[in-house]
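Inside the fold
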Amino acid sequence: MNLTDYNEIQELLRRNGFRFSKSMGQNFLTAAWVPSDIAESAGLDEETGVLEIGPGVGCLTEQLALRAGKVLSVELDRSLAPVLHETMAPYPNVEILFGDILKQNIPALVGEHFSGLRPVVCANLPYNVTSPVLTALIRSGCFETITVMIQREVARRICAAPNTPDYGAFSLFVQWYTRPELLFDVPPHCFHPQPKVTSSVIRLTRREEKPYAVSDEDLLFKIIRAAFNQRRKTLANALASGLGCERALIEQALENCGFDIRIRGEALDLGSFVALTDELAKRL
């Protein structure tokens, strides 16, 4: 069975009584090169255990199974059970877990299913849960790489540099824990139903060490969130409001770091936020 052939997919879904769910952001791939290239980008081998989220009919799952030692696919929509039972029958190294990945204990899941294997993530993520799922996967610290197809706008935000419109708190969060790479774009005509936006495939490689030593990591991210919650304001005003402290204290810290007191948060890179955090930690 060709799991990217539109006619075969339609027949597969019809005989299993499946209907698309807009609320779950279901868009199935109909271009064979896409799942193949995504799986190839993940650098898989027989020593790899792959966590997939949202397998759909299994076109990417199939490509993962051909390359990896074990594939665990977590699917929210239980009505896909008969579809996946049929499409994944030829692949004994694939296991389907029905549930919400955001409600799973990810380290426990990895320990249970990938013992002795190198855990990675490879998935076509539903657009409507991209940020919380990536946050949970990154925070778990379990995966050497996370290779995912997501909305291009989010991919650009993740990879963004200072002083660009896409740069923000999520950029800094991802870049603190991983090294992100934008690999390739996937146009809307590669899906059914066609989404209104272009997708991108990115690979996040876990940092073995944080890019900078910081005195208080929790404070670092409080400062980053405050800076971008009111990004049109100067950093001094945004932090005074977000941290609940005197603007004069923030301005003094900025000056001690060599920054203009009129600077905005979007102008600071990770190292600059770390320097400011260390300075403010002495005063708060």
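Attention in this report is confined to the structure presented alongside it. (Residues numbered from 1 in each chain as written. Predicted model: local features only at pLDDT ≥ 70, side-chain atom pairs only at ≥ 80, totals over all residues. Heavy atoms only, no water.)

A look at the overall build of the protein chain
Threshold: Numbering of helices and strands starts at the N terminus; helices are DSSP runs of H or I of at least 4 residues and strands are runs of E of at least 2. Three exposure classes are used, based on accessible area relative to the maximum for each residue type with a 1.4 Å probe and protein chains only: buried under 20%, partly exposed in between, and exposed over 50%. The contact criterion used throughout is that any non-hydrogen atoms of two residues lie within 4.5 Å. Shrake-Rupley sampling with a 1.4 Å probe provides the accessible areas, and residues are treated as covered by the protein chains on show and by no other component.
If you tally the helices and strands in the protein chain, you get 12 helices and 9 strands. Dimensions of the protein chain, computed from C-alpha atoms along their principal axes, come out at roughly 70 × 40 × 30 Å. Sorting the 284 residues of the protein chain into buried and exposed places 50% on the buried side. The long-range share in the protein chain, meaning contacts at least 24 apart out of those at least 6 apart in sequence, stands at 68%. Accessible surface, the protein chain as shown: approximately 13,100 Å² in total, 47% of it carbon and sulfur.

What to know about the environment of V71
Following the sequence through the fold, V71 ends up in strand β3 (residues 70-75). Between the C-alpha atom of V71 and that of D260, which follows or precedes it by 189 residues, the distance is 51 Å. Residues contacting V71, with those up to four places away along its chain left out, are V50, E52, T61, L64, A65, N93, V94 and E95.

Observations regarding the nonpolar core
What counts, and what does not: In this text, buried Ala, Val, Leu, Ile, Met, Phe, Trp, Tyr and Cys residues form a nonpolar core when linked through side-chain atoms within 4.5 Å.
Residues L51 and F273 are the most contacted members of the largest nonpolar core, which totals 57 residues. For this core, the element with the most residues is helix α9 (residues 217-229), which contributes 8 residues. Beyond its immediate stretch of four places on either side in the chain, F273 contacts Y167, L172, L220, I223, I224, A227, F228, G265 and L268. Membership of the second largest hydrophobic core comes to 36 residues, among which are F18, F28, L80 and M149.

As for the pattern of salt bridges
The test is simple: What makes a salt bridge here is a side-chain nitrogen of Lys or Arg within 4 Å of a carboxyl oxygen of Asp or Glu, nothing more.
With the rule as written, the count across this model stands at 17 salt bridges. A salt bridge links D45 to R118, with the shortest nitrogen-to-oxygen separation between them at 3.9 Å. With a gap of 73 residues between them, D45 in the loop between α2 (33-41) and β2 (48-53) and R118 in strand β5 (residues 118-124) connect regions that are remote in the sequence. Residue D45 is classed as partly exposed on the basis of its relative accessible area, which comes to 33%. Linking D260 and R262 is a salt bridge whose minimum nitrogen-to-oxygen distance equals 2.9 Å.

As for the side chain of E279
Rules: Here a polar contact is recorded for every N or O atom pair within 3.5 Å, except that within protein the pair must consist of a potential hydrogen donor and a potential acceptor, and residues adjacent in sequence are included only if both atoms are side-chain atoms.
Positionally, E279 belongs in helix α12 (residues 270-281). You can call E279 buried: its relative accessible area is 12%. A polar side-chain atom of E279 sits 3.1 Å from a polar atom in the side chain of R283. If we skip the residues at most four places from it in the chain, E279 touches A253, N256 and C257.

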